[in-house]
Amino acid sequence: MTDMQEAPGDIVMTRIGQAMMLLHGGDREEARNRFGDLWTEIGEHGDPLHRCTLAHYMADAQDDAGDELAWDLRALAAADGLSQERLEEHHASLAVRAFYPSLHLNLAADYVKLHRPEEARLHLDRAHTALDALSDDAYGNGIREALGRLERQLDAV
């Protein structure tokens, strides 16, 4: 997913960003705790942008591949309910369709970890189909390179 910049006054995105900083700083447990608290507040039917963003990063904070998969599936489901209009309220330059390559890449990686190659290939295919939504920039190229690495890893199995 693209780098999230918050809209003025979106305290939930601010709190997600704070937990992300903990995660990227190596404090996975505290990040998980904060993400969990936020998820309880947001709920299964809360703002799709908040749910998608939180679940996407909560997946990265998991130690168990099955838990990671569950959170990545929540992120995908939330993205499916996210409107372009809502996303533009948050940041005008973002596109919902640009979320899908990363979301499917993460799901493919989860399925590889779980030794489920058929599901992994399905999500690799979906990620490839969605690549046209990405720009030819560092983020887009990083996703393309990660797809290639994961495909090579899967082919070697």
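So, here's what we can say about the structure. (Residues numbered from 1 in each chain as written. Predicted model: local features only at pLDDT ≥ 70, side-chain atom pairs only at ≥ 80, totals over all residues. Heavy atoms only, no water.)

Focus: the side chain of Thr53
Step number 1: Its location among the elements puts Thr53 in helix 3 (residues 48-60).
Step number 2: By relative accessible area, Thr53 is classed as buried at 1%. (Helix = DSSP H or I, 4+ residues; strand = E, 2+ residues; numbered from the N terminus. Buried < 20%, exposed > 50% of the residue type's maximum accessible area, 1.4 Å probe, protein only.)

A word on the packing of aromatic side chains
Note on aromatic pairs: each is described by the distance of the centres and the angle between the planes.
Step number 1: The tally for this structure, following the rule as stated, stands at one aromatic pair.
Step number 2: A ring pair is formed by Trp39 and Trp71, whose centres lie 5.0 Å apart and whose planes are at 85 degrees; its orientation type is edge-to-face. Placement of Trp39 in helix 2 (residues 28-42) and of Trp71 in helix 4 (residues 65-80) is noted, with a sequence separation of 32 residues between them. In this structure, Trp39 and Trp71 share a single accessibility class: buried. (Phe/Tyr/Trp six-rings, centres within 6.5 Å; stacked < 30°, edge-to-face > 60°.)

Digging into the packing of helix 3 against helix 4
Step number 1: One way to put it is that helix 3 packs onto helix 4 with a least axis distance of 8 Å and a crossing angle of 155 degrees. As summarised for this structure, helix 3 and helix 4 are arranged roughly antiparallel, according to the angle between their axes. In the packing of helix 3 onto helix 4, the handedness of the crossing is left-handed. Two secondary-structure elements touch here, helix 3 through Pro48, Arg51, Cys52, Leu54, Ala55, His56, Met58 and Ala59 and helix 4 through Glu68, Trp71, Asp72, Arg74, Ala75, Ala78 and Ala79.
Step number 2: Here the contact of helix 3 with helix 4 is built from residues that sort into ten nonpolar, one polar and four charged. (Axes fitted to C-alpha atoms, helices over the stretch in contact; angles between N-to-C directions. Parallel < 35°, antiparallel > 145°, perpendicular 65-115°, else oblique. Left-handed = near helix turned anticlockwise from the far one by under 90°. Contact = heavy atoms within 4.5 Å. Nonpolar A, V, L, I, M, F, W, Y, C, P; charged D, E, K, R; others polar.)

Considering helix 7 (residues 117-130)
Step number 1: Helix length check: helix 7 (14 residues) gives 20 Å between terminal C-alpha atoms against 20 Å at 1.5 Å per residue, within 8%.
Step number 2: Those residues of helix 7 that fall on the buried side of the exposure criterion are Ala120, His123, Leu124, Ala127 and Ala130. Angularly, the buried residues of helix 7 cover 125 degrees about the axis, an arc narrow enough to put them on a single face. Those residues of helix 7 that are exposed and angled more than 90 degrees off the buried face are Glu118, Asp125 and Thr129.
Step number 3: Buried residues along helix 7 sit against helix 6 (100-113) and helix 8 (138-155). (Expected span 1.5 Å × (residues − 1). Arc of directions from axis to C-beta.)

In short, geometric facts, not functional conclusions.
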